[in-house]
Amino acid sequence: MHVAIIMDGNGRWARERGLERVEGHREGAESVRACIEAAVEDKIDQLSLFAFSEENWGRPADEVGTLMKLMMKSIQEETENLLSHDVRFRVLGDLEKVPGILRAAISTLEEVTAACKGLQLNIFLSYSGRWDILQAAKRFAADESDPAGASAADFEKYLVTAGIPEPDLLIRTSGEQRISNFLLWQCAYTEFYFTPVLWPDFRKPEFRAAISEFSHRDRRYGKVK
Ligand code: FPP
């Protein structure tokens, strides 16, 4: 099973408490840890987290800096934990925009966990669905000898998610009910789950409630039963 999450509501969680937005992101990082743990315990195959969108580069510089530092810190602190739980770590997105020091830490963690066979953790960083489709289209046009005869399966090999099965379930926290340029191509038949819970409050019980609701969905993929 592949679970994807749009982690939303860190800022509102902080504001409700009279705290800086940054505090919401710090608490949100704890929810990231909790959901990874739940995914490992429940033997989920793939967990995809939308950590930072292309559009997020437009936030105030200090908030962007804090988010990058938080990711750096999480990588440093969690390496051993990921390895001991057999988690394969990957980061997907337009990484040219990411500070070099973070990019290097990401590459190292991707390499050391490359052979892990348990949960695959996909962190989407500097990512947007339209960017992904466009970069795929450019490479497809340059590489394919017979574009007119190509199938969807031929095209999707160029998406950054090539080889990763499509999400079965997409969770979005904080009450917003939209996809916000996340996995546009990949979510064609994904089930959506929206919850008013803000991301810093989304922990193991909330994660499991979403999976449980999903297990009752009737998926027909446009066909009849
Ligand atoms: C959305 O809340 C959250 C983000 C843009 C960032 C998500 C990042 C983390 C949880 C930090 C750590 C990540 C990793 C992978 C360790 P928002 O700021 O949009 O909230 P708002 O809509 O209430 O303002």
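Visitor: I'm lost on the overall build of the protein in this one. Help?
Guide: Each helix and strand in the protein was counted, giving seven helices and six strands. Seen in sequence order, the protein has helices and strands lined up from the N terminus as β-α-α-β-α-β-α-β-α-α-β-β-α. When the 225 residues of the protein are sorted by exposure, 47% land in the buried category. A fraction of 75% describes how many contacts in the protein between residues 6 or more apart in sequence connect residues 24 or more apart. With an accessible surface of roughly 11500 Å², the protein has 52% of that area assigned to carbon and sulfur atoms. Separation of charge centres in the protein, based on 29 positive and 36 negative side chains, amounts to 2 Å.

Visitor: Would you explain the site of the ligand in this entry?
Guide: Close to the ligand lie 18 residues, the nearest being Asp8, Gly11, Arg12, Arg21 and Arg59. For the ligand, an oxygen atom lies 3.4 Å from a polar atom in the backbone of Gly9. With respect to the ligand, the backbone of Asn10 contributes an N or O atom lying 3.1 Å from an oxygen atom. Across the complex, the protein chains shield 91% of the 630 Å² of accessible surface that the ligand would expose by itself. Given that more than half its atoms are within 2 Å of the pocket grid, the ligand belongs to the largest pocket. Among the elements of the structure, helix H1 (10–16), helix H2 (21–41) and helix H3 (61–84) are those that each provide at least two residues to the shell around the ligand. Considering only residue class, the shell around the ligand consists of seven nonpolar, seven polar and four charged.

Visitor: Is there a simple way to explain the sheet that holds strand S1 (residues 2–6) in this structure?
Guide: Hydrogen bonds between backbone atoms are what pair the strands of a sheet, whose relative direction is either parallel or antiparallel. On the basis of which strands lie adjacent, the open sheet formed by six strands has the order S3-S4-S2-S1-S5-S6 and parallel pairing. This sheet does not close on itself; its edge strands, each paired only once, are strand S3 (88–92) and strand S6 (191–194). Averaged over all pairs of adjacent strands, the angle between strand axes in this sheet comes to 20 degrees, irrespective of strand direction. Where S3 lies against strand S4 (residues 120–127), five bridges are found, and the strand directions are parallel. Pairing of Arg90 across the sheet is with Asn122, part of S4. Relative to the sheet, helix H4 (residues 100–112) contacts S3 and S4, its axis offset from that of S3 by approximately 145 degrees.

Basis of the calculations
Residues numbered from 1 in each chain as written. Predicted model: local features only at pLDDT ≥ 70, side-chain atom pairs only at ≥ 80, totals over all residues. Heavy atoms only, no water. Helix = DSSP H or I, 4+ residues; strand = E, 2+ residues; numbered from the N terminus. Buried < 20%, exposed > 50% of the residue type's maximum accessible area, 1.4 Å probe, protein only. Contact = heavy atoms within 4.5 Å. Areas by Shrake-Rupley, 256 points an atom, 1.4 Å probe, with all protein chains shown as cover. Lys, Arg positive; Asp, Glu negative; His and termini not counted. Charge placed at Lys NZ, Arg CZ, Asp CG, Glu CD. Near = heavy atom within 4 Å. Polar contact = N/O pair within 3.5 Å; in protein donor to acceptor, adjacent residues only side chain to side chain. 1 Å grid on protein atoms, 1.4 Å probe; cavity = no way out; pocket = protein on both sides within 12 Å on 5 of 7 lines; lining within 4 Å. Sits in = over half its atoms within 2 Å of the grid points. Nonpolar A, V, L, I, M, F, W, Y, C, P; charged D, E, K, R; others polar. Pairing = 2+ DSSP bridges. Axes fitted to C-alpha atoms, helices over the stretch in contact; angles between N-to-C directions.

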